[in-house]
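Descriptive analysis of the structure
So the chains spell out like this:
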Amino acid sequence: MFFRTHGFSAVLLAVLSGIAIATPADAGVPLTRANVRASTNQVNLVNVAGALRPALVADCFCPGDTLSTRAQSRAEILFNDGSLLRVGEQANLRFWPNARQLLLNQGTAALFVPPGQGRTTVQTPNATVGLNSSGVVVRYVPSRQLTLVMALANSETGPVSITTAATGQEFTLYAGQMAFVNPSNLQVVEFDLLEFYQTSDLMAGLQLANPNYRPAVNEPLAALRDDLLQALNQQPAFGGEEAILDPSLISDLAPETNFQGNDGSPAGLSTPPEELRRYNDAPPGVVTPLPTTLVEPAQSPIQSIPAEPAAMPVQFAP
């Protein structure tokens, strides 16, 4: 997956002391119920009393329930307002009753909200993501307190917003931009929408890169397809000196390079890419293929986020 630093701001945010401020959800159609549309491998629902049951197709994912997925497991959920949610492996997610708020404590979720339903928020332990009539991918990695957010479309009602818990500062993402947020800094890059759609398991079968696909009227993504395709068509092709191949090249938000192999020994440069892939914090499909050699990340200066987007090239390790 290619990432680009040309034509947008790629900066780090110095953390200031402060109190977490969550972005409130605007009034809209409340989320009162969801149903399981698809369940792959081990997907469970845990009620408020702690009772666990397998999540079967057509089951109610009700307010107060926690949706939990194991390794190599996925789920697809349809909410009462027509919003579509896809949940990746090793995830933990629930939603509040009569509101438009989801809580993601671990793992990856792709959320598509149709027009006219109101503002929806996805909260992780260190960030709150807000969207209207758009699509986002949100991932939280508990071991590193790291939130990743990918904006998939632009909306007439405004861009995707992210509010950091550490500072309460809000910033915006436009289609094709990806944010890395942890307790000490923040960085925004541009990612390749086309390659993400072609390689991500979470996007499989949605036909988001197919301009000739004609959805049924009642398909959950029907009302969003024009915006998703427009974002894809407007993104310049990746390549050249302004593109980089892997988030491990992106400043100090990269995964640690002292990996261990299956036998507990340090992973050397000969470690197969598939073995290294599981250490990467980006959502499935974002980083394919991994580089064949490990590269020490370059250090980027810490700066405040500018009020207006600006072209600020960042130097990366060769």
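What you are looking at is a predicted structure, and each value in this text was computed from that prediction instead of being measured.

1. Brief notes about the pattern of salt bridges
Enumeration according to the criterion identifies five salt bridges in this entry. Residue Arg53 pairs with Asp65 through a salt bridge whose shortest N-O separation is 3.5 Å. In this pair, Arg53 is assigned in strand 4 (residues 52-54) and Asp65 in the loop between strand 5 (60-61) and strand 6 (66-69), connecting sequence segments twelve residues apart. On the accessibility criterion, Arg53 (30% relative accessible area) is partly exposed. In the salt-bridge network here, residues are joined through shared partners; they are Arg37, Glu76 and Arg86.

2. Observations concerning the packing of aromatic side chains
Under the definition given, this model contains four aromatic pairs. Seen from their ring centres, Phe61 and Phe95 are 5.2 Å apart, and the 80 degrees between their planes marks the pair as edge-to-face. With Phe61 in strand 5 and Phe95 in strand 9 (residues 92-95), this residue pair connects regions lying 34 residues apart in the sequence. Note on Phe61: relative accessible area 0%, which makes it buried. What makes Phe95 buried here is its relative accessible area of 1%. Ring geometry for Phe191 and Phe196: centres 6.0 Å apart, planes at 85 degrees, overall edge-to-face. Linked through ring pairs, Phe61, Phe79 and Phe95 together constitute an aromatic cluster.

3. Side note on helix 2 (residues 225-234)
What helix 2 keeps buried is the set Arg225, Leu228, Leu229, Ala231 and Leu232. The buried residues of helix 2 occupy an angular sector of 160 degrees when the element is viewed end-on, so they sit on one face. Looking at helix 2, the residues exposed on the side facing more than 90 degrees away from the buried face are Asp226, Asn233 and Gln234. Structurally, helix 2 contributes buried residues whose contacts are with strand 10 (101-112) and helix 1 (193-199).

4. Thoughts on the environment of Gly158
In this fold, Gly158 is placed in the loop between strand 14 (146-151) and strand 15 (160-164). Overall, Gly158 belongs to the partly exposed group, its relative accessible area being 22%. On a C-alpha basis, the gap between Gly158 and Leu173 in space is 9.7 Å, while along the polypeptide they are 15 residues apart.

5. Remarks on the environment of Glu156
In this fold, Glu156 is placed in the loop between strand 14 and strand 15. Note: C-alpha distance between Glu156 and Asn132 (24 residues apart in sequence) is 8.7 Å.

6. Some thoughts on unusual backbone geometry
In this structure, Ser133 takes a positive phi of about 45 degrees despite not being glycine. Among the structural elements, Ser133 can be located in the loop between strand 12 (127-131) and strand 13 (135-141). A positive phi is found at Gln207, a non-glycine position, where the angle reads about 60 degrees.

7. Considering the nonpolar core
Of all hydrophobic cores here, the largest spans 37 residues; its most connected members are Phe61, Leu67, Ile77, Phe79, Leu85, Ile162 and Leu173. The biggest single contributor to this core is strand 10, with four residues. If you look at the next biggest cluster of nonpolar residues, it comprises 28 residues, including Phe191, Phe196, Leu221 and Leu224.

8. Things to note about the side chain of Arg86
Its location among the elements puts Arg86 in strand 8 (residues 84-87). Here the side chain of Arg86 touches Glu76 through a polar contact of 2.7 Å, side chain to side chain. The contacts of Arg86, once residues within four sequence positions are left out, are Ala75, Glu76, Thr108, Ala109, Ala110, Asp201, Leu202, Met203, Ala204 and Leu206.

9. Notes on the confidence of the model for the protein chain
Put simply, the protein chain has an average pLDDT of 75, and 67% of its residues get 70 or more. Throughout residues 5-26 the model reports pLDDT below 50, and contacts reaching past four residues in sequence, or to other chains, amount to 78 contacts. Across residues 247-279, confidence stays below pLDDT 50; counting only partners more than four residues off in sequence or on other chains, it has 68 contacts.

10. Quick look at the pairing of strand 6
Side-chain positions along a regular strand alternate between the two faces of the sheet. Alternating positions in strand 6 separate into two faces, Thr66 and Ser68 on one and Leu67 and Thr69 on the other, with burial throughout. The pairing of strand 6 with strand 9 spans two bridges and is antiparallel. Paired with Ser68 across the strands is Asn92, a residue of strand 9.

Cut-offs used in this document
Residues numbered from 1 in each chain as written. Predicted model: local features only at pLDDT ≥ 70, side-chain atom pairs only at ≥ 80, totals over all residues. Heavy atoms only, no water. Salt bridge = Lys/Arg side-chain N within 4 Å of Asp/Glu carboxyl O. Helix = DSSP H or I, 4+ residues; strand = E, 2+ residues; numbered from the N terminus. Buried < 20%, exposed > 50% of the residue type's maximum accessible area, 1.4 Å probe, protein only. Phe/Tyr/Trp six-rings, centres within 6.5 Å; stacked < 30°, edge-to-face > 60°. Arc of directions from axis to C-beta. Contact = heavy atoms within 4.5 Å. Core = buried A, V, L, I, M, F, W, Y, C linked by side-chain atoms within 4.5 Å. Polar contact = N/O pair within 3.5 Å; in protein donor to acceptor, adjacent residues only side chain to side chain. pLDDT = per-residue confidence, 0-100. Pairing = 2+ DSSP bridges.

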